[in-house]
Amino acid sequence: MSLSPVQQARGLTPEQRNAFLAALLGWTMDAFDYFIVVLVYDEIHTTFHVSLITVAFLTTATLAMRPVGAFIFGRWADSAGRRLPLMVDVLFYSVVGFLCAFAPNFTILLILRLLYGIGMGGEWGLGAALAMEKIPTEKRGFYSGLLQQGYAVGYLLAAVAFFIINPFLGWRGLFAFSILPALLSLYLRVKVKESEAWERTKERVKQTSVTPGKVFFNIKVLRRFVYLILLMTAFNWMSHGTQDIYPTFLKAGLHYSANQSILIAIIYNIGAICGGTLLGGLSERLGRRRTIIIAALVGLPIVPLFAFSTTLGALALGSFLMQFVVQGAWGVIPAHLTEMSPDEIRGFYPGVTYQLGNLIAALNLPIQQALAASYGYPFALAVTIIPVLLIVTLLAAVGKEAKGITFGAGEISPKSAT
């Protein structure tokens, strides 16, 4: 019988807890640094005298380079283990994020964001793989949801830091601050032992001579790879389509102050954290796909409140509910992707499918900004969100899942995954 979310939350060993906290903090700081740009790209536009649409390509650059990082660090992790690649990755993106504070012009800042995207791409796949391989099978749902909400926590921390740091040190001070918690993540990772599932897989590979290439080019694994890229494209479009332009919608579209827009950002990220954690846990009972479908369908009637409200109270409620269901669906993803990944390529497979989806969705913010300039922000939000919620529902409905698979046992899937 499936455990309740409360039961899933209990009973981790110190080793499991450290692995999870390191992954959570690493993903939190990735998101913190990414959303700094979202929150201050109006200030960057003023500093460097470039258009808002041009500044929006800073996020596109970061998203576009994520697959490169997922591939580089993922392949390294499949051959050498999770620990060392993860520590190098965290150190790399910590330094690059810090250097953004000192960019002398927009071109240098763009190059640094490209490099940051490499580190960000490596972090998620490796961190999720290590954490999910350490977490007991029956508790993956809850910790998957909690892990993915590192993204919302990072956004929330960026919003709080904006309140505290931006008035005194500006956007450069926000980037400089980001190195401190990122290095804390590195410290935690040093204390985490290697993945036992990876060690079992490595031993089996030696005995059977099954190479990662042979596993990847299995027709079932290739079909699943393509399917997961499509799913992650829709998921990333759903996430960025409801998040990235929203602070600008509040400030430039509805003329609320920066502090008011950040307050709403804090509220809807609390909704995201609640939704991801709760629905991630419930996915152990409902199943991964069914949880995604329910969350996406519930999001549809929320769109008018989310996109067309004008009062602060209605905007806060609409955005809270929208992020509850959007990030509720996302809470399933760390467990779902790692469970759908063959043992021999789990460092590479989930991260690359996730980040290739991000690559395809990388133009979301510039497209929404251009639509908003022509037709207004409510239209830009609604015309993005409604189709993508339907697409997420359809893709989840036609796919398969591998809930309950035993990592390191050499299974491709217990349920004939797509």
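From a predicted model like this one, the values you see are computed outputs, not experimental measurements.

Rules used in this analysis
- Residues numbered from 1 in each chain as written.
- Predicted model: local features only at pLDDT ≥ 70, side-chain atom pairs only at ≥ 80, totals over all residues.
- Heavy atoms only, no water.
- Helix = DSSP H or I, 4+ residues; strand = E, 2+ residues; numbered from the N terminus.
- Buried < 20%, exposed > 50% of the residue type's maximum accessible area, 1.4 Å probe, protein only.
- Contact = heavy atoms within 4.5 Å.
- Lys, Arg positive; Asp, Glu negative; His and termini not counted.
- Charge placed at Lys NZ, Arg CZ, Asp CG, Glu CD.
- Polar contact = N/O pair within 3.5 Å; in protein donor to acceptor, adjacent residues only side chain to side chain.
- Core = buried A, V, L, I, M, F, W, Y, C linked by side-chain atoms within 4.5 Å.
- Patch = residues over 30% accessible without salt bridge, like charges linked within 9 Å, V, L, I, M, F, W, Y side chains within 5 Å.
- Areas by Shrake-Rupley, 256 points an atom, 1.4 Å probe, with all protein chains shown as cover.
- Salt bridge = Lys/Arg side-chain N within 4 Å of Asp/Glu carboxyl O.
- Axes fitted to C-alpha atoms, helices over the stretch in contact; angles between N-to-C directions.
- Parallel < 35°, antiparallel > 145°, perpendicular 65-115°, else oblique.
- Left-handed = near helix turned anticlockwise from the far one by under 90°.
- Phe/Tyr/Trp six-rings, centres within 6.5 Å; stacked < 30°, edge-to-face > 60°.
- Lys NZ or Arg CZ within 6 Å of the ring centre and 35° of its normal.
- Expected span 1.5 Å × (residues − 1).
- Nonpolar A, V, L, I, M, F, W, Y, C, P; charged D, E, K, R; others polar.

*Asks:* Tell me about the overall build of the chain, and please be specific about residues and values.
*Replies:* Along the chain, the regular secondary structure elements total 21 helices and zero strands. For the chain, the proportion of its 418 residues judged to be buried stands at 61%. The long-range fraction of contacts in the chain, counting pairs at least 24 apart against all pairs at least 6 apart in sequence, stands at 85%. Here the chain contributes 31 positively and 21 negatively charged side chains, and the mean placements of these two sets differ by 5 Å.

*Asks:* Please give an account of unusual backbone geometry that cites residues and values.
*Replies:* If you check the backbone angles, His-49 has positive phi at about 60° while not being a glycine. With respect to the secondary-structure elements, His-49 resides in the loop between helix H2 (14-48) and helix H3 (52-80). Positioned with a positive phi, His-255 is a non-glycine residue whose angle comes to about 65°. Mapped onto the secondary structure, His-255 falls in the loop between helix H13 (246-253) and helix H14 (258-286).

*Asks:* Tell me about the side chain of Gln-327, and name the residues and values.
*Replies:* If you trace the backbone, Gln-327 turns up in helix H17 (residues 312-330). Overall, Gln-327 belongs to the buried group, its relative accessible area being 1%. At 3.5 Å, the side chain of Gln-327 and the side chain of Ser-239 are in polar contact. Once you skip the residues sitting within four places of it in the chain, Gln-327 turns out to touch Gln-149, Ser-239, Gln-243, Ala-272, Gly-275 and Gly-276.

*Asks:* Residues and numbers for the nonpolar core, please.
*Replies:* With 118 residues, the main nonpolar core has Ile-44, Phe-235, Met-238 and Tyr-246 as its most contacted residues. It is H2 that provides the largest number of residues to this core, a total of 18 residues. Those residues in contact with Ile-44, other than ones at most four positions away along the chain, are His-49, Val-55, Leu-58, Phe-106, Leu-109 and Trp-171. Counting eight residues, the second-largest nonpolar core is a separate cluster that includes Ala-77, Leu-86, Ile-118 and Leu-130.

*Asks:* Could you give an account of H13, naming the residues involved and the relevant values?
*Replies:* The buried fraction of H13 amounts to six of the eight residues, a majority that puts the element mostly inside the structure. Taken together, the buried positions of H13 are Tyr-246, Pro-247, Thr-248, Phe-249, Leu-250 and Lys-251. Positive phi shows up at His-255, right after H13, with a value of about 65°.

*Asks:* Got a sec to walk through a nonpolar patch on the surface? Specific residues and values, please.
*Replies:* Judged by side-chain polarity, Leu-91, Val-95, Leu-99, Phe-102 and Leu-183 come together as a nonpolar surface patch covering roughly 430 Å² of accessible area. When residues of the nonpolar patch are assigned to their parent elements, the largest contribution, three residues, is made by helix H4 (residues 83-99). On the basis of relative accessibility, which here comes to 43%, the residue Leu-91 falls in the partly exposed class.

*Asks:* I'd love a proper account of the side chain of Gln-369, names of residues and values included.
*Replies:* Among the secondary structure elements, Gln-369 is positioned in helix H20 (residues 364-375). On the accessibility criterion, Gln-369 (6% relative accessible area) is buried. A distance of 3.1 Å separates a polar atom in the side chain of Gln-369 from a polar atom in the side chain of Tyr-377.

*Asks:* For the pattern of salt bridges, give the residues involved together with the corresponding values.
*Replies:* Any two side chains of opposite charge can pair, given that their charged atoms come close. According to the stated counting rule, one finds seven salt bridges in the structure shown. Here Glu-133 makes a salt bridge to Arg-82, at a shortest N to O gap of 2.8 Å. With Glu-133 in helix H5 (residues 106-134) and Arg-82 in the loop between H3 and H4, the pair connects residues that are 51 residues apart, well separated along the chain. The class for Glu-133 is buried, based on a relative accessible area of 9%. With its nearest N and O atoms 2.9 Å apart, the salt bridge here joins Arg-288 to Glu-284.

*Asks:* Before we move on, could you go through the packing of H3 against H20 and cite the residues and values that matter?
*Replies:* Between H3 and H20, the shortest axis-to-axis distance is 8 Å and the interhelical angle comes to 155°. Relative to H20, the element H3 lies roughly antiparallel. Between H3 and H20 the crossing geometry is right-handed. Across the interface between the two elements, Ile-53, Ala-56, Phe-57, Thr-59 and Thr-60 of H3 pack against Leu-365, Pro-366 and Gln-369 of H20.

*Asks:* Tell me about the packing of aromatic side chains, and please be specific about residues and values.
*Replies:* Tallying each qualifying case throughout the model produces 24 aromatic pairs. Considering the side-chain rings of Trp-330 and Tyr-354, the 5.2 Å spacing of their centres and the 40° angle between planes classify their relative orientation as tilted. In this pair, Trp-330 is assigned in helix H17 and Tyr-354 in helix H19 (residues 349-360), connecting sequence segments 24 residues apart. For the ring pair Tyr-375 and Phe-379, a centre distance of 5.1 Å and an interplane angle of 50° mean the geometry is tilted. Judged by its relative accessible area of 37%, Phe-379 falls in the partly exposed class. Its guanidinium or amino end placed over the ring of Tyr-116, Arg-113 lies 4.6 Å from that ring's centre, counting from NZ or CZ. A cation sits over an aromatic face here: Arg-140 above Phe-407, 3.9 Å from the ring centre.

*Asks:* Break down helix H21 (residues 377-398) for me, with residues and values.
*Replies:* Relative to the 32 Å expected for 22 residues at 1.5 Å per residue, H21 spans 32 Å between its end C-alpha atoms, a close match to the ideal helical length. In this structure, the buried residues of H21 make contact with helix H12 (219-243), H13, helix H15 (288-299), helix H16 (303-308), H17 and H20.

*Asks:* Talk me through the environment of Gly-127; I want residue IDs and the actual numbers.
*Replies:* In this fold, Gly-127 is placed in helix H5. Given a relative accessible area of 2%, Gly-127 falls into the buried group. Expressed as a C-alpha distance, the spacing of Gly-127 and Lys-400, which sit 273 residues apart in the sequence, is 24 Å.

*Asks:* Account for the packing of helix H7 (residues 150-164) against helix H8 (residues 166-177), with residues named and values stated.
*Replies:* Running from amino to carboxyl end, H7 crosses H8 at an angle of 135°, the nearest separation of the two axes being 7 Å. Considering their axes alone, H7 and H8 lie oblique with respect to each other. Counting all contacts with H7, which are made through Ala-161, Phe-162, Phe-163 and Ile-164, the residues of H8 involved are Asn-166, Pro-167, Phe-168 and Leu-174. Residue composition of the contact of H7 with H8, grouped by class: seven nonpolar, one polar and no charged.

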